[in-house]
Amino acid sequence: MSSRYNHKKVERLWQQKWEKEKIFQTATDKNKKKYYVLEMFPYPSGKIHMGHVRNYALGDVVARYKKMCGFNVMHPMGWDAFGLPAENAAIVAKKSPSEWTYQNINLMRSQLKSIGLSIDWTREIATCHPDYYKHEQSFFLDLLKKELAYKKESFVNWDPVDQTVLANEQVIDGKGWRSGAEIEQKKLSQWFLKTSAYSEELLNCLDQLDDWPSKVKIMQSNWIGKSFGVEINFKISNPQNLNSNSLNVFTTRPDTIFGASFCAISTDHPISKDIIRRDEVAKKFVKECSSLSPEKEKKGFKTRLFVEHPFIEKKLLPVFLANFVLMEYGSGAIFGCPAHDQRDLEFAIKYKLEIIPVILPEGKSKDKYKITNEAYVGEGNLINSSFLDGEKIEDAKKIVIKKLVEKKIGNKKINYRLRDWGLSRQRFWGCPIPVMYREDGEIIPVPKRDLPVKLPNVKELSGSGNVLEKIDEWRNVSCPKTGMKAKRETDTFDTFFESSWYYLRYCNPRDLNAFVKEDINYWLPVDQYIGGVEHAILHLLYSRFFVKALRDTGYIELDEPFKGLFTQGMVTHQTFQNHKNEWIGPDEIIYNKESITDNQGNKVKVGKIEKMSKSKKNIVDPSDIIEKYGADTARWFILSDSPPERDLEWTESGVTGSYRFINRVWNLLQLCLSDDYIENNKTDNQLLRGKTNDTIKNVTNNINAFHYNKSIANLYELINFLQKTISNKSSSKNCLKESLKNIALLLQPFTPHLSEEIWKSLGLDGLAINQLWPKAPTIQTKKICKIAIQIDGKTREIIEFDVGISKEEVKIKALNSKKIKKMIDKKLIKKIIFVPEKIINIVLK
RNA sequence: GGCCUCGUGGUGGAAUGGUAGACACAAAGGACUUAAAAUCCUUGCCCAAUUGGGAGUGCCGGUUCGAGUCCGGCCGAGGCUACCA
């Protein structure tokens, strides 16, 4: 009777139709309300993985739904195309990184298209294209002028075998991931962006981001790490041969100053450098500390220096070099109060330093109070602290600060953990940094008229070092002002630089200028941004910084790039190991009745459910799924079970379940359209209508709340109801069609191809995607409600009533029920609580 | 160590303080079929075995007519971050 649903044919057809009719191409239209949907753009690593499918399916629901709600929707796509994997692959495959990248882009584009996404492909960008990166070279020059970009010395992970710099994640147990060589900390002069100049604004603006997960906001806020404290200048009592005669220390606990028993400075501190110049033992100690081995032990080196206690006359504190003091935070020096800081306590015990308790916890007696091996960090009152005795911590802080200021040896200070963004990468496949070094040592920015500084064409990459350093014809230039000899910067930008502004470029991807104000002002901010939590800090923080920096250099008028953010969970899969303990993939597994084996019949060990990864081989290729079951099935499954923010376990049975659903809907449609359908004489159209309207309401609410799994549950309910209605023939044909029409519309964001197919089969005009989102009529369609009769909060019976029934009527009926009567027996009724249309609770004495 | 999130059937998961387990997956039984696939129906903790009754949302306690939901304490899992003074 029914021809089988041919997903391949159907999906191809509608994808072509959408493309031909340019359904998803958008332009600035000030008469229409805009909505900008964006998923984090992919790195063109080879082919699409399930994580991409989930990310883009989620975004596609938003995009299609908003379009149907009448918004002018922009939903673009591009490629985060610079990066290390291209270089590595190029070395292996003996290709150029560019060739490898563009090949991947072409494959992945066609894969994305097969998912049926509502993308405006005319806006596509690839960040490795000079027309893209020339603009960021220009931004950089402006940031340089504004002193938001600067150069300083900084450490990098250096692989001495591959002659290359490694990212932190490429250093495994202190060794290079490819060469296995012991990694060194090498100091290089590198470019930085002054993100720290925006610490306060980046922190404050988090409050405005109402549509961000609070988790991400907390992570960013912790990362920025604002703390209120004091800088204290300790006078060095014996500063012989030193460049300075005081030691500047940052603390958030000035109240514990009377408990101070030592000072410690970072091994990178200027005073430390002064010392090691003359002291071989100190030098040896510093060298030990800089080795990468992950030592948790606190180590110090006692210098001959002493500082004077600011409030206790003649009290001198020894100064240590210490491996646990960071140069990057505060002033790179601390005073240690062992009694109330665990780190200081461990250090004090090791080097036999004084431990003076100065905070007394409530209820403890001063005489018996002793600190042994656990520092006390809680509330309390000051003791052993001269003019602070008896004060509470917060009051003591105020008093100390006042005294320090009076004595001109200290000041309030706000500190941020956020550090400046190190931009330089000693890599080939990135955007060249547009500066040159003149032979007289001057750093010369490349004039804007000479942009872009293009990467040279290379046929293949060698295994070590940065190729740019070896290409003399590219590297050797002359100064545009003086004509003197100069050499180009061979470092390239961190690829986070490209991803910090791509969402702006989508507005005018082909314009000769970086931005067209009118379009930026119309489209930005991004209304809904969707991606993985792994970018919660770096990418999102850099992007926020970038927008502010571009605003302050006059490019745009925007404070925050992303109005709404949604972070989706990972796609996971069961892992398997064969009898040799090798990981094997799901496609090599055979499920038998009693056991699971590999395709040679050997028993398989079933492992944990983990994120899909090549190393564990627990990967399912989206292309295979789409080929076998269709894009709608893949989308439906990926959206159906788990809430989008949680991890999703990919299961074969779940996919076949979704496939069954698609076919079931199709079969119902055929049944309903067939001439065999004749309604019986007891039809009640109101029931199906009511259910349909409820579904419209629920699906809509759940889409708005990002609860797609619940929207899908609502649709299942309606389909189940429709199926019963059809088999009972209890509704008119027109009413069935009416319901199916709504189903087509409600399915559009989830299974767009099936949606169009239903729409067409019902003989309706146009495309489903071009219709308005359905609205449930406000009239009451439900007539009956079920009210639970409870005794002492326990449900004893459920009785049906008309909607709007009064407490009195329910009470009479409830008390007359045989069962309830029996349960009440001779007990007295204390009170009766009534919740309209839900519950009546009879409370007994 | 710090911060955050989460503990509900065999599984994924539903439940504005108001009928716990919607919806789906898996399983078992059945119908159709020579058979299989596909499809459809039923079942789903314990005791009574038809009607009922009881336990029950990690553990202990509290607030409430009523707690998976709110409060306090404990246990467990996961994530992020980490010598940040």
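Placed above this text is the structure.
Residues numbered from 1 in each chain as written. Chains lettered and ligands numbered in written order. Predicted model: local features only at pLDDT ≥ 70, side-chain atom pairs only at ≥ 80, totals over all residues. Heavy atoms only, no water.

Some thoughts on the overall build of chain A
On a plain count of helices and strands, chain A comes out with 25 helices and 37 strands. With the C-alpha coordinates aligned to their principal axes, the bounding extent of chain A is approximately 110 × 85 × 65 Å. In chain A, which comprises 845 residues, the share counted as buried stands at 53%. Within chain A, residue pairs in contact and separated by at least 24 positions form 71% of the contacts whose partners lie at least 6 positions apart. Of the accessible surface of chain A, which amounts to about 41300 Å², a share of 49% is contributed by carbon and sulfur atoms. Of the side chains in chain A, 131 bear a positive and 107 a negative charge, and the two mean positions are spaced by 4 Å. (Helix = DSSP H or I, 4+ residues; strand = E, 2+ residues; numbered from the N terminus. Buried < 20%, exposed > 50% of the residue type's maximum accessible area, 1.4 Å probe, protein only. Contact = heavy atoms within 4.5 Å. Areas by Shrake-Rupley, 256 points an atom, 1.4 Å probe, with all protein chains shown as cover. Lys, Arg positive; Asp, Glu negative; His and termini not counted. Charge placed at Lys NZ, Arg CZ, Asp CG, Glu CD.)

Description of the sheet that holds strand 2 (residues 72–74)
Taken together, the four strands give an open sheet; going across it, the order is 2-1-26-27, and neighbouring strands pair in parallel fashion. At either margin of the open sheet sits one strand with a lone partner, and together these are strand 2 and strand 27 (565–568). Each strand axis lies, on average, 20 degrees off the axis of its neighbour in the sheet, ignoring direction. Note: strand 1 (residues 34–39) against strand 26 (residues 528–532), three bridges, orientation parallel. Considered in strand 26, the bridge of L38 is made with Y529. Taken strand by strand, helix 2 (residues 50–68) contacts strand 1, strand 2, strand 26 and strand 27, and its axis lies near 175 degrees from that of strand 1. (Pairing = 2+ DSSP bridges. Axes fitted to C-alpha atoms, helices over the stretch in contact; angles between N-to-C directions.)

Re the sheet that holds strand 24 (residues 485–488)
Taken in spatial order, the four strands of this open sheet run 22-21-24-23, and their pairing is antiparallel. What marks the edges here is a single partner per strand, and that holds for strand 22 (443–445) and strand 23 (476–478). Going across the sheet, the axis of each strand differs from the next one's by a mean of 40 degrees, ignoring polarity. Bridge count between strand 21 (residues 435–438) and strand 24: three bridges; the pairing is antiparallel.

Digging into the packing of aromatic side chains
Aromatic rings considered in pairs are described by the distance between their centres and by the relative angle of their planes. Using the criterion set out here, one finds 51 aromatic pairs in the structure. Arranged with centres 5.2 Å apart and planes meeting at 80 degrees, the rings of F311 and F387 form a pair that is edge-to-face. Taken together, the residues span a long stretch of sequence, with F311 in the loop between strand 13 (300–308) and strand 14 (316–322) and F387 in the loop between strand 17 (381–382) and helix 11 (393–406) at a distance of 76 residues. F311 gets classed as buried once you look at its relative accessible area, which sits at 18%. Owing to a relative accessible area of 28%, F387 belongs among the partly exposed residues under this scheme. Relative to F545, the ring of W421 has its centre 6.4 Å away and its plane inclined at 80 degrees; by these criteria the two rings are edge-to-face. Residue W421 is found in strand 19 (residues 421–422), and its partner F545 is found in helix 16 (residues 538–552); the two are separated by 124 residues along the sequence. Neither residue differs from the other here; W421 and F545 are each classed as buried. (Phe/Tyr/Trp six-rings, centres within 6.5 Å; stacked < 30°, edge-to-face > 60°.)

Describing the pairing of strand 9 (residues 184–193)
In this structure, strand 5 (residues 149–159) lies alongside strand 9, joined through ten bridges in antiparallel fashion. Within the sheet, the bridge partner assigned to K152 lies in strand 9 and is Q190. Judged from the two bridges that link them, strand 9 and strand 19 form a sheet pairing that is antiparallel. Bridging across to strand 19, F192 finds its partner in G422.

Re the protein's contact with RNA strand B
Contacts to RNA strand B come from 50 residues, most closely from T252, K298, Y329, R343 and K710. If you look at RNA strand B and keep only atoms within 4 Å of the protein, 64% of those are sugar or phosphate atoms. T252 places a polar main-chain atom, nitrogen or oxygen, 2.3 Å from a sugar or linking oxygen of RNA strand B. S653 places a polar side-chain atom, nitrogen or oxygen, 3.0 Å from a sugar or linking oxygen of RNA strand B. With seven residues, the single largest contributor to the surface near RNA strand B is helix 21 (residues 708–728). Class assignment for the residues of the surface near RNA strand B results in 18 nonpolar, 13 polar and 19 charged. (Near = heavy atom within 4 Å. Polar contact = N/O pair within 3.5 Å; in protein donor to acceptor, adjacent residues only side chain to side chain. Nonpolar A, V, L, I, M, F, W, Y, C, P; charged D, E, K, R; others polar.)

Examining the environment of R419
Its place among the elements puts R419 in the loop between strand 18 (410–415) and strand 19. Separated by 223 residues in sequence, R419 and S196 have C-alpha atoms that sit 5.8 Å apart. Once you skip the residues sitting within four places of it in the chain, R419 turns out to touch T195 and E328.

Some remarks on the pairing of strand 1
Most of strand 1 sits inside the fold, with six of its six residues counted as buried. Residues of strand 1 alternate between two faces, with K34, Y36 and L38 on one and Y35, V37 and E39 on the opposite face, all of them buried. The pairing of strand 1 with strand 2 spans three bridges and is parallel. Bridging from a neighbouring strand, Y36 pairs with M74 of strand 2. Following the backbone out of strand 1, through helix 2 and into the adjacent parallel strand 2, one traces a crossover that is right-handed. (Right-handed = clockwise from strand over helix to strand, strands pointing away.)

A few points about the pattern of salt bridges
As enumerated under the stated definition, the model contains 36 salt bridges in all. The closest approach of N and O atoms between E201 and R551, which form a salt bridge, is 2.9 Å. Here E201, found in helix 6 (residues 199–204), pairs with R551, found in helix 16; they are 350 residues apart in sequence, far enough to count as distant. Linked through salt bridges whose partners overlap, the residues forming this network are E201, R544, K548, R551, D552, D559 and E560. (Salt bridge = Lys/Arg side-chain N within 4 Å of Asp/Glu carboxyl O.)

Section: unusual backbone geometry
Omega for the peptide link from L451 to P452 comes to -5 degrees, which places this bond in the cis form. Structurally, the position occupied by P452 is in the loop between strand 22 and helix 12 (472–475). Cis rather than trans, the peptide bond between L524 and P525 has omega equal to 0 degrees. Here P525 shows up in the loop between helix 15 (517–523) and strand 26. With phi around 50 degrees, K352 is a residue other than glycine that occupies positive phi space. Relative to the helices and strands, K352 resides in the loop between helix 10 (342–350) and strand 16 (359–360).

Some remarks on the state of the cysteines
Applying the stated rule across the entire model yields zero disulfides. Here C128 stays unpaired: no disulfide links it, and the sulfur of C431, its closest cysteine neighbor, is 11 Å away. No disulfide involves C263; its sulfur sits 12 Å from the nearest other cysteine sulfur, which is in C337. (Disulfide = S-S within 2.5 Å.)

Here we look at helix 21
Here helix 21 contains 21 residues, and its C-alpha end-to-end distance of 30 Å stays within 8% of the 30 Å for a straight helix at 1.5 Å per residue. Buried residues of helix 21: Y708, N709, S711, I712, N714, L715, L718, I719, L722, T725 and I726, and no others. Its buried side turned inward, helix 21 meets helix 2, helix 18 (631–640), helix 19 (652–673), helix 20 (685–704) and helix 22 (733–747). Directly beyond the C-terminal end of helix 21, a positive phi value near 50 degrees is found at K729. (Expected span 1.5 Å × (residues − 1).)

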